[in-house]
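# Working through the structure, step by step
Each chain, letter by letter, is given below.
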Amino acid sequence: MSVIPNRIAMLGSSVAALGFFFLPIVALKPNRLAAGVPFNLLQLQGDYRYILLFALALVPFMVAFRKDVTTRGWLLVALGNLLLLLTLLLPAMAATHLLANATQYLGENAFVRNPRVLPTGGLALGLAGGYVTLFAGLRDLERSGVQAWIRAIGAWAGVAVIAVLLATGAFNVYSVMVEFHTNGAALQQKFVEHLMFVLVSLVVGFIVGVGLGLWASRDERVSNVILYAVGIIQTIPSLALFGVLLVPLARLGDAHFLPVALFFAVSAVLAIAVGLGYRALAGRLPSRLQTASLIVAALVAAVPLTLFTGVFVSFVYRAARIGFGGGAMSGLDNGILALVLAGLGLWVLRRWVFVRDGVVRSLVRWAYLLAYAATGVLFVVLMVRAAATDQFLGAVPSLSALTVRDLGVSGIGVAPALVALTLYSLLPLVRNTYAGLKNVDNAIIDSGRGMGMTPAQIFFQIELPLAFPVIMAGVRNAGVALVGIGTVATVIGAGGLGDFVIQGIVNTSIDLILLGALPAIALAMVLDALLRFAEGLLTSPGIRHAQNS
Amino acid sequence: MIEFQNVVKQFPDGFRAVNGLSLTVHDGEITVFIGPSGCGKTTSMRMVNRLLSITEGRILVEGRDNRDYPAEELRRKIGYAIQQIGLFPHMTVLQNIAVVPRLLGWEEDRIRKRVDELLELVGLDPDVNRDKYPRQLSGGQQQRVGVARALGADPPIMLMDEPFGAIDPITREVLQDEFLEIQKRISKTIIFVTHDIDEAIKMGDRIAILKDGSLVQYDTPDTLLAKPKNRFVRDFVGADRQLKRLGLLRVRELMTRDTPNVSLRASTDDARRAIEAAAVKSAFVVDEDGVLKGWVDREGLRENPDSLLDAMNEGDFREIGVRQSATAREALSAMVARGFRITPVVDERGALVGSITLRALQELADQGWVEGEQAS
Ligand SMILES: Nc1ncnc2c1ncn2[C@@H]1O[C@H](COP(=O)(O)OP(=O)(O)OP(=O)(O)O)[C@@H](O)[C@H]1O
Ligand SMILES: [Mg+2]
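Residues numbered from 1 in each chain as written. Chains lettered and ligands numbered in written order. Predicted model: local features only at pLDDT ≥ 70, side-chain atom pairs only at ≥ 80, totals over all residues. Heavy atoms only, no water.

### Some words on the overall build of chain A
Within chain A one finds 19 helices and three strands. Across the 549 residues that make up chain A, the buried fraction comes to 42%. At a minimum sequence separation of 6, the contacts of chain A that also span at least 24 residues come to 80%. Per element, the accessible surface of chain A, about 27,300 Å² overall, is 71% carbon and sulfur. (Helix = DSSP H or I, 4+ residues; strand = E, 2+ residues; numbered from the N terminus. Buried < 20%, exposed > 50% of the residue type's maximum accessible area, 1.4 Å probe, protein only. Contact = heavy atoms within 4.5 Å. Areas by Shrake-Rupley, 256 points an atom, 1.4 Å probe, with all protein chains shown as cover.)

### With respect to a nonpolar patch on the surface
All names here are of chain A. Taken together, the side chains of Leu-18, Phe-21, Phe-22, Leu-23, Leu-42, Ile-51 and Leu-125 present a nonpolar region at the surface, about 660 Å² in accessible area. When residues in the nonpolar patch are grouped by element, the largest group, three residues, is from helix H1 (residues 7–22). Examined against the element boundaries, Leu-125 turns out to sit in helix H5 (residues 121–143). Taking relative accessible area as the criterion, Leu-125 reaches 31% and is therefore assigned partly exposed. (Patch = residues over 30% accessible without salt bridge, like charges linked within 9 Å, V, L, I, M, F, W, Y side chains within 5 Å. Salt bridge = Lys/Arg side-chain N within 4 Å of Asp/Glu carboxyl O.)

### Overview of the sheet that holds strand E17 (residues 352–357) of chain B
All names here are of chain B. Spatially, three strands are ordered E15-E16-E17 in an open sheet, and the strand pairing comes out mixed. Two strands close off the open sheet at either side, each with one partner strand: strand E15 (322–323) and E17. Where E15 and strand E16 (residues 342–346) come together, two bridges link them in parallel fashion. Residue pairing for E16: Val-322 is matched across the bridge by Val-345. (Pairing = 2+ DSSP bridges.)

### Brief notes about helix H1 (residues 41–48) of chain B
All names here are of chain B. With seven of eight residues buried, H1 is to be regarded as a mostly interior element. Within the sequence span of H1, burial applies to Lys-41, Thr-43, Ser-44, Met-45, Arg-46, Met-47 and Val-48. Backbone geometry just downstream of H1 places Arg-50 in the positive-phi region, at approximately 60°.

### A closer look at the domain arrangement of chain A
Residues and elements named next belong to chain A. Domain boundaries in chain A define domain 1 (7–182) and domain 2 (186–328 + 389–548). Summarising the inter-unit geometry, the C-alpha centres of domain 1 and domain 2 are found 38 Å apart. Counting each side, the surface lost to burial between domain 1 and domain 2 is near 950 Å², with a carbon and sulfur contribution of 70%. It is Trp-156, Val-176 and Glu-179 that lose the most area in domain 1 upon contact with domain 2, and together they represent 41% of the buried surface on that side. Where domain 1 touches domain 2, the interface holds one salt bridge. (Domains from an automatic or database assignment. Buried area = accessible area lost by both parts, 1.4 Å probe.)

### Here we look at unusual backbone geometry
All names here are of chain B. A positive phi angle, near 45°, is found at Ser-187, a position not held by glycine. Take Ser-187: it is sitting in the loop between helix H8 (169–186) and strand E8 (189–193). Backbone geometry places Asp-212, a non-glycine residue, at a positive phi of 45°.

### Some details on the interface of chain A and chain B
Opposite the 25 residues of chain A that make contact, chain B presents 26 residues. Across the interface of chain A and chain B, roughly 2,300 Å² is buried in total on both sides, 59% from carbon and sulfur atoms. Joining chain A to chain B, the criterion identifies one salt bridge. A salt bridge links Asp-446 of chain A to Arg-46 of chain B; the shortest N-O distance between them is 2.8 Å. Counting the contacts that link chain A with chain B gives ten residue pairs in polar contact (both at pLDDT 80 or more). At the level of secondary structure, the elements contributing two or more residues to the side of chain A that touches chain B comprise helix H15 (442–450), helix H16 (455–486) and helix H19 (541–544) of chain A. The biggest single contributor to the side of chain A that touches chain B is H15 of chain A, with seven residues. Class assignment of the residues belonging to the side of chain A that touches chain B gives a composition of eleven nonpolar, ten polar and four charged. (Polar contact = N/O pair within 3.5 Å; in protein donor to acceptor, adjacent residues only side chain to side chain. Nonpolar A, V, L, I, M, F, W, Y, C, P; charged D, E, K, R; others polar.)

### Topic: the site of ligand 1
All names here are of chain B. What surrounds ligand 1 is a group of 13 residues, the closest being Ser-37, Gly-38, Lys-41, Thr-42 and Thr-43. Interatomic distance of 2.9 Å between a backbone N/O atom of Gly-38 and an oxygen atom of ligand 1. The side chain of Thr-42 places a nitrogen or oxygen atom 2.5 Å from an oxygen atom of ligand 1. The element contributing the most residues to the shell around ligand 1 is H1, with three residues. Each residue belonging to the shell around ligand 1 can be placed in one class, and the counts come to four nonpolar, six polar and three charged. (Near = heavy atom within 4 Å.)

### Some points on the sheet that holds strand E5 (residues 64–65) of chain B
Residues and elements named next belong to chain B. In space, the four strands of this open sheet follow the order E2-E1-E4-E5, with antiparallel pairing throughout. Unpaired on one side and paired on the other, strand E2 (16–25) and E5 mark the two borders of the sheet. The sheet contact formed by strand E1 (residues 2–10) and strand E4 (residues 56–61) spans five bridges and is antiparallel. Of the residues in E4, the one forming a bridge with Phe-4 is Ile-59.

### Details of the domain arrangement of chain B
Residue and element names in this part refer to chain B. For chain B, the domain assignment lists domain 1 (2–248) and domain 2 (252–362). Computed over C-alpha atoms only, the centres of domain 1 and domain 2 are separated by 43 Å. With five residues of domain 1 in contact, the opposing surface of domain 2 contributes five residues. Carbon and sulfur atoms supply 62% of the area buried between domain 1 and domain 2, which totals about 470 Å² over both sides. Broken down residue by residue, the surface that domain 1 buries against domain 2 is led by Leu-243, Leu-246 and Gly-247, which jointly contribute 82%. The tally of links from domain 1 across to domain 2 stands at zero salt bridges. At the junction of domain 1 with domain 2, the criterion picks out two residue pairs in polar contact (both at pLDDT 80 or more).

### Considering H8 of chain B
Residues and elements named next belong to chain B. When the terminal C-alpha atoms of H8 are compared, their 25 Å separation across 18 residues agrees well with the 26 Å that a helix rising 1.5 Å per residue should span. Three or more residues of H8 are buried, namely Leu-175, Gln-176, Phe-179, Ile-182 and Gln-183. One side of H8 carries all its buried residues, which in axial view fall inside an arc of 130°. Every exposed residue of H8 that faces more than 90 degrees away from the buried side is listed here: Ile-170, Lys-184 and Arg-185. Taken together, the buried residues of H8 touch strand E3 (30–34), helix H5 (108–121), helix H7 (139–150), strand E7 (157–161), E8 and helix H9 (197–203). A positive phi of about 45° marks Ser-187, the residue just after H8. (Expected span 1.5 Å × (residues − 1). Arc of directions from axis to C-beta.)

### Re the nonpolar core
Ile-34, Phe-88, Ile-97, Phe-179, Phe-192, Ile-207 and Ile-209 of chain B are the most contacted members of the largest nonpolar core, which totals 59 residues. Those residues in contact with Phe-88 of chain B that sit more than four places away from it in its chain are Ile-444, Gly-448, Met-451, Met-453 and Ile-462 of chain A together with Asn-96, Val-99, Pro-134 and Arg-149 of chain B. (Core = buried A, V, L, I, M, F, W, Y, C linked by side-chain atoms within 4.5 Å.)

### Some remarks on the packing of H16 of chain A against helix H18 (residues 510–538) of chain A
All names here are of chain A. Running from N to C, H16 and H18 point in directions that differ by 170°, and their axes come no closer than 9 Å. Classified by the interaxial angle, the pair formed by H16 and H18 is roughly antiparallel. Seen from H16, the contacting residues are Phe-468, Pro-469, Met-472, Ala-473, Val-475, Arg-476, Gly-479, Val-480 and Val-483; seen from H18, they are Ala-520, Leu-523, Ala-524, Leu-527, Asp-528, Leu-531, Arg-532, Glu-535 and Leu-538. Split by residue class, the contact of H16 with H18 holds 13 nonpolar, one polar and four charged. (Axes fitted to C-alpha atoms, helices over the stretch in contact; angles between N-to-C directions. Parallel < 35°, antiparallel > 145°, perpendicular 65-115°, else oblique.)

Dropping the structure here:
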């Protein structure tokens, strides 16, 4: 087998080297707003180290031609990590010098107050090049069959070192870090907000989306309607979607809870009736009418479903925020959480730990039960605690006075953001669930049926595990997309990391934009990595490779 | 026992795939369904475990209408193996084979024991293969696991839809032989679908020939070959059906046991006497253990009147003899290839146990041919 050169590594190498050579790596700014003076890597005052960094960027290009894939992979991983680390670290060192002599570089007339060093294009390309090189190396390692967890170490080593350095203040000269130190508390709060609405809408989107995908995969005629509908949602620009939701949600918020609940119940019953009627008539209706009646049923069902989803999402978000928001977690919380995690861990590990011994087996079973119970208890505790605060329904005198707004629904703020984000998460979730289930080989399902599995057993023991990687890919797509789209939610006052971005745009402060954007990027990456990890653990080794691309 | 009684299958689009099928699958026998593509073999089979509903008529499984069983319960007592194998790719070999036992709620230890036993049965080393995933197995190995899985909970009945269809001819023969060996031990009641007539003749205790959803002929392979009911069957079994029939007969059943033979130590006179006494042209030569060493004929004795060792034609028993377990067809082909009119029959050790003549085989074939012609 002839080994082709690693083209991706060549790309990474070129990107970094060209960036270092042609673009300024940092700019020295006299204060927050004024434009800065750019510096090239090779212009940096100092010593040979900066030239070495440039040289380092060229090395992956040569390594790319090595024939031994495993060695090449490890070299590239090491080089990629080194590039990431040094691209950040060396200019930071130089920056100390720049800052000390700020007046000298900026000239006499500059208004020097709180001078800072802005990372610029060269640094960005250096990081990009490093990342691409790292990725190229990981691909080689995967190809040569290095185990996933060893690869994961290679992938995250550099990031870990950077995180440690970040904590020790090695990068404090960078302007983003300066902003970070002035806005630290706010950032933490915004980050939590952001995380919350990504997670809440992802969870609700998952429930709804997987449900719809399942339905679509069962009924060919429904599938067209559903896939088309979620496809349409995706084409609406996010700002427009927020705008569209503004009025109905505001109206909904004004409404009293009881009539809304009644409406929900009535339309749900209606939808079920239409559905059953369709069932009864199916086959007897001419085919054109069949599709039409199905769409009617779907629409009738969509109204209460959307309503319910909107209210439910807002309510869960509010409850979770208030329930968790009470400051430090108590010992009880921690205990319960530990149980939940232990149960989860056991569940994940059960594939590897084949327990033959009867006693251990029943112990494990008890541990499961305990963990399930703990999950339930945690939920109840959260809800009760949320309900006990007077922020939450506390001010409402009676059930009949309860408005939907008291449950967290309003025209601006978090509710429309959550609804919009949930809607956006639907397409990848529905599409992947549908595709995953559709792709399960008929012969496999046929043998399951032939062996006497019930439809539920076939679904849970065969179809779901086989479609799982595809569904999880949809969850990852949705999650990463939500982190990004979530930054737009700031325009309707929902908060989140978008607040910094908007502020930064208004003030033409790149630092502030970055302060919002970098944590969002990090969040997206970590979320993706965590979901990938979970996917890897939960996917059977028997199908892991086939689905890996 | 499985009894089809006037079974009709009409699909929702109005197509009648099975049209009044009546036949009985006997206990412990392999009944082969065969016929041209689209004749309704698969459809008939899938009605037995109710993967397809029956439009008219009924199917009795162990004397009971199969619609009286709850569908899942029925299927769990009927093994099911298909051409596409349909192993669950996300489960290990063990988990695949354990599916039905688990559905039936067996104890884990019993399941593991059963799985190992089945793997041994289908010729796979349990310790090597138990924890592999299907993608780590070759096609033939997957097919074996498929059979093992169908046997999982020791069902009395098996449905096999072209189980060896997607496999190269050599492996297929091996699997067929192995499966026949297994069947000897387990004696399941089996419906076996194929469209390969050679496979049908080899595997079937009885063969049902279907055409356009109807039964054309249902007989043992030998009867089917000897007396095809009509032109369709005759064409279907092929012009070489006499030859195929010989494939059903074992040399053991056809050979002559007292065949002229002499010891290596014997004199040429002894040999000559033996040949003349039997009024044949040659005699076989064996060593003190009775193992075939060659043959000697009148001509050889004339040219070397002094030494039997010089007069005889030496040959290894594997080269010049046929095993008593070989089919008559194999014996015939060996004789044609070697230009013999008579061939010695040996046992596993190579000891001479008898002989068989070209004429005997010819007579056998003629007899069938005539009978077959008369019947149609
Ligand atoms: N679901 C269905 N709807 C309508 N017609 C069907 C359906 N399934 C099978 N048929 C038709 O019934 C006939 C018998 O099909 P079946 O699968 O039993 O054939 P077969 O004898 O197993 O053929 P093969 O050797 O090709 O497997 C075919 O003509 C097929 O087109
Ligand atoms: Mg078929």
